Structures are given as structure tokens and as C-alpha cells.
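Read off the chains here:
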Amino acid sequence: MGQKKDLTGSEKSKMVRYLAEACSSLKIAKLLKRDHRTIKRFIQNSQQGRKKRVEKPRRKITAHELRKVKRAAAKVPLATSLAIFQSCNITGVPKSTRCAILRDMAKVRKAERRPPLNKTHKLKRQDWAKKYLKTDFSKVLWTDEMRVSLDGPDGWARGWIGKGQRAPVPLRRQQGGGGVLVWAGIIKGELVGPFRVEDGVKLNSQSYCKFLEDTFFKQWYRKKSASFKKNMIFMQDNAPSHASKYSTAWLARKGLKEEKLMTWPPCSPDLNPIENLWSIIKCEIYKEGKQYTSLNSVWEAVVAAARNVDGEQIKTLTESMDGRLLSVLAKKGGYIGR
């Protein structure tokens, strides 16, 4: 049983279930046929949370390249570090080095912090994590909606701004603004959708159920096998249109009830892996501060960005759930990194 450094996603999933069954680290090592030290290291890292980053020597770039980077950062405000370095034809520089170099001449605008969790929220998050410790997350369909606007993610643009420079003023409209509401799901390595909510429709319980019927059930779910439908678990958050008695009863008639309909803790977008998918899509459609002139054009951008997300990226997100459960328990219900 030779020592191996990295555990696979499948092994991590099995380990979480063994821990939930109160198996010792030595027994888990024998079951997985892995080195005992590897198992103990994984458990310790999960309990300690994210380790403090150790500063490593940055790769040196020439003074000429540095001037090119500075000009590029000033020329294209709000661009990512990768886009800035690519525009200068500087390749092979890792992200940590790019950001370290840019910190000396620019800054990143950061989104507002998440609202604090109260004691009840934390307890419910812990209870949820304990309840689903033994779940096979490859059978869970994670769903959510996202609104994309013409002018950026809710008016917020994020990227590098040179010191002493002002962020560009976005296009302001007297009329014709707005955005598109998008629904999608992910399961294992598959993307379901995205589907567009009809413009002008406000999602209440009735319109939400009708939307699911016309898109998710007719275009995707009905094509699946009986065994798949029997094992699939449907996840949705606690939005009023999702958690209402009307929607719950309607989903029950579709066979999504009891253990097949996942309960969801309050204030927990960090636990839903599809939130990471939305971040990937938004970074793509709004890169370099891009804005759109019509709802159809921003929808087309969403569809194109979604097509570029491959199955391995989605699988990485869905396989992260065991680690998220361990993290939320280690942090006693607090927010986890996404």
C-alpha cells in the first residue's frame, strides 16, 4: 500500500461517508487502500479550514514588460490580470505572480461583504450538513436563477484599476435597460439549460411551476430513464416562489417530494455549487467591462458562455460538496469560501 499524495474526488466522497459512520482514520485507510498519513492529513486540513498563503518568490519580469503591463492596465480598466498580461504578449506567468505585480500599480474593486449569519442560521446550516453527510451528491440536481443585466452584474464591475485612475463610467440609459432572468441546473458533469424566463414575467409560485413544466420537465427530465428519476434529488433554494405550499404540492405531484426534494438552510448561497457556475458565466460575458444593447444579445452571450463550460468544470463543482459540508461543520455553521 504505497503512499499517494492526492485523493480523488470519489475517495473524498467515500471518506466523508465513512466519517459520518464514525469510522476511525485507520479503518478508512484500510477501506480505501491508502496510506494512513494521507487520510489523517485530509481530515486535519478539513478541520483547520484554509491555510494561510505562504508568499513565494515571484517570477521576475523585465522593466520593459512592466511598463507594458502598466500601460495595458490603464488602457483597459476592469480587465482581469490574465487579459492584461495577454494583451502584452506576456505568457507563462502564474496568476499569483500576475496579481502580485499588479498590486504595486493597481487595485481590485471588491464586491460588498455578505450579511452576517445569526445563531439560528448557523445552527440550521450545521443541521443541514449533518443530515446530508451520507448523500451521494452525484445524484443531486443543483438549480438556481440568475439575473443578467445589459450593463453588468447588477451595476457592479470588478477588475484592476490603476492607482490614481478612476473607474470608467458605464453607459447610462434613459430607457430600454433591464435584464434577463436565467434558470439552470447542474448534476454530476452535466449542465441542464440554461433556460430563459419570458421577459416581463415575475416568478411567483404559479409562473415558476409553469416555467419548470415548459422547460425543465418537457425538455430534459422526461428524456431520462426511470432509474435516473427514481434516484435523482432536486435542490432549490428558499425563494418564496420555490418554497411555497403551491410549488411544494406541485413538485410532489411530479414525484419530487420527501427525500427527493432537498431541504435547504437559510442564507446559504455559498453551499450551492451552481453559484460558482454563475460566476464563471458572468466573468465571461462581462469581461473587460462589456455592456449590451439588447436583451437578446445578452441572452446569446449567456448561452455561448454556458456552452464553453465543459463537463469537467461542472464535475469539479458538484464533487466539491463533501468538502463544503466538512467546512461548514468545522466553521460551526459559518460561511465557507466559494
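As a reminder, the structure under discussion sits directly above these lines.
Residues numbered from 1 in each chain as written. Predicted model: local features only at pLDDT ≥ 70, side-chain atom pairs only at ≥ 80, totals over all residues. Heavy atoms only, no water.

Some thoughts on helix H13 (residues 295-307)
A turn of α-helix holds 3.6 residues, and therefore any two residues three or four places apart point the same way. Compared with the 18 Å implied by 1.5 Å per residue over 13 residues, the 19 Å span of H13 between its first and last C-alpha is a close match. Buried residues of H13: Val298, Trp299, Ala301, Val302, Val303, Ala305 and Ala306, and no others. Packed against the buried residues of H13 are strand S2 (140-149), strand S4 (179-187), strand S5 (190-196) and helix H12 (274-285). (Helix = DSSP H or I, 4+ residues; strand = E, 2+ residues; numbered from the N terminus. Expected span 1.5 Å × (residues − 1). Buried < 20%, exposed > 50% of the residue type's maximum accessible area, 1.4 Å probe, protein only. Contact = heavy atoms within 4.5 Å.)

Side note on the packing of helix H8 (residues 205-219) against helix H11 (residues 245-253)
H11 packs onto H8 with a crossing angle of 30° between their chain directions and a minimal axis gap of 8 Å. Considering their axes alone, H8 and H11 lie roughly parallel with respect to each other. As for how H8 packs across H11, the hand of that crossing is right-handed. In this structure, H8 uses Ser205, Gln206, Tyr208, Cys209, Leu212, Glu213 and Phe217 to contact H11, whose residues at the interface are Tyr246, Ser247, Trp250 and Leu251. (Axes fitted to C-alpha atoms, helices over the stretch in contact; angles between N-to-C directions. Parallel < 35°, antiparallel > 145°, perpendicular 65-115°, else oblique. Left-handed = near helix turned anticlockwise from the far one by under 90°.)

Focus: the pattern of salt bridges
Pairs may arise between side chains of opposite charge once their charged atoms sit close together. All told, the structure shown has 10 salt bridges when counted by the stated rule. Its salt-bridge partner being Arg196, residue Asp199 comes within 2.8 Å of it at the nearest N-O pair. With relative accessibility at 40%, the residue Asp199 sits in the partly exposed group. Two residues, Lys287 and Glu284, come together in a salt bridge whose shortest N-O distance is 3.4 Å. Glu284 sits in the partly exposed class, given a relative accessible area of 36%. A network of salt bridges, in which partner residues are shared, links Lys210, Asp214 and Lys218. (Salt bridge = Lys/Arg side-chain N within 4 Å of Asp/Glu carboxyl O.)

Digging into the pairing of S2
Remember that side chains alternate between the two faces of the sheet whenever the strand is regular. Counting buried residues along S2, nine of its 10 residues qualify, which places the element largely inside the surrounding structure. Across three bridges, the pairing between S2 and strand S6 (residues 233-235) is parallel. Bridge pairing in S6 places Trp142 opposite Met235. When S2 meets S4, the two strands line up antiparallel, connected through eight bridges. By the bridge assignment, Ser149 is partnered in S4 with Gly179. (Pairing = 2+ DSSP bridges.)

Details of the packing of aromatic side chains
To describe a pair of aromatic rings, you give the distance between the ring centres and the angle between the ring planes. Across all of its chains, the model carries 15 aromatic pairs by this definition. Ring plane angle 80° and centroid distance 5.3 Å describe the contact between Phe217 and Tyr221, whose orientation is recorded as edge-to-face. One exposure class covers both Phe217 and Tyr221, and it is buried. Note on Tyr286 and Tyr292: the rings are 6.3 Å apart at their centroids and 70° apart in plane angle, and the pair reads as edge-to-face. Note on Tyr286: relative accessible area 9%, which makes it buried. The buried category is assigned to Tyr292, whose relative accessible area is 7%. The ring of Phe228 carries Lys224 above its face, with NZ or CZ at 5.3 Å from the centroid. (Phe/Tyr/Trp six-rings, centres within 6.5 Å; stacked < 30°, edge-to-face > 60°. Lys NZ or Arg CZ within 6 Å of the ring centre and 35° of its normal.)

Thoughts on the environment of Asp214
Secondary-structure assignment places Asp214 in helix H8. Residue classification places Asp214 among the partly exposed positions, given a relative accessible area of 31%. Taking the C-alpha atoms as reference points, Asp214 and Phe195, 19 residues apart in sequence, are found 9.9 Å from one another.

A closer look at the sheet that holds S4
Pairing is mixed in the open sheet, where four strands are placed in the order S5-S4-S2-S6. Strands with a single pairing partner mark the edges of an open sheet, and in this sheet they are S5 and S6. Mean inter-strand twist for the sheet, computed between neighbouring axes without regard to direction, equals 20°. Of the strands in this sheet, S2, S4, S5 and S6 are in contact with H8, which crosses S5 at around 135°.

Concerning the nonpolar core
Counting 52 residues, the largest nonpolar core has Trp128, Trp142, Val148, Met262, Ile281 and Ile285 as the members making the most contacts within it. With seven residues, H13 is the largest single contributor of residues to this core. The residues that make up this core include at least three from each of domain 1 (9-43) and domain 3 (119-154 + 177-331). If we skip the residues at most four places from it in the chain, Ile281 touches Met146, Val302, Ala305 and Ala306. Grouped together as the second largest cluster of nonpolar side chains are 22 residues, Leu212, Trp220, Trp250 and Leu251 included. (Core = buried A, V, L, I, M, F, W, Y, C linked by side-chain atoms within 4.5 Å. Domains from an automatic or database assignment.)

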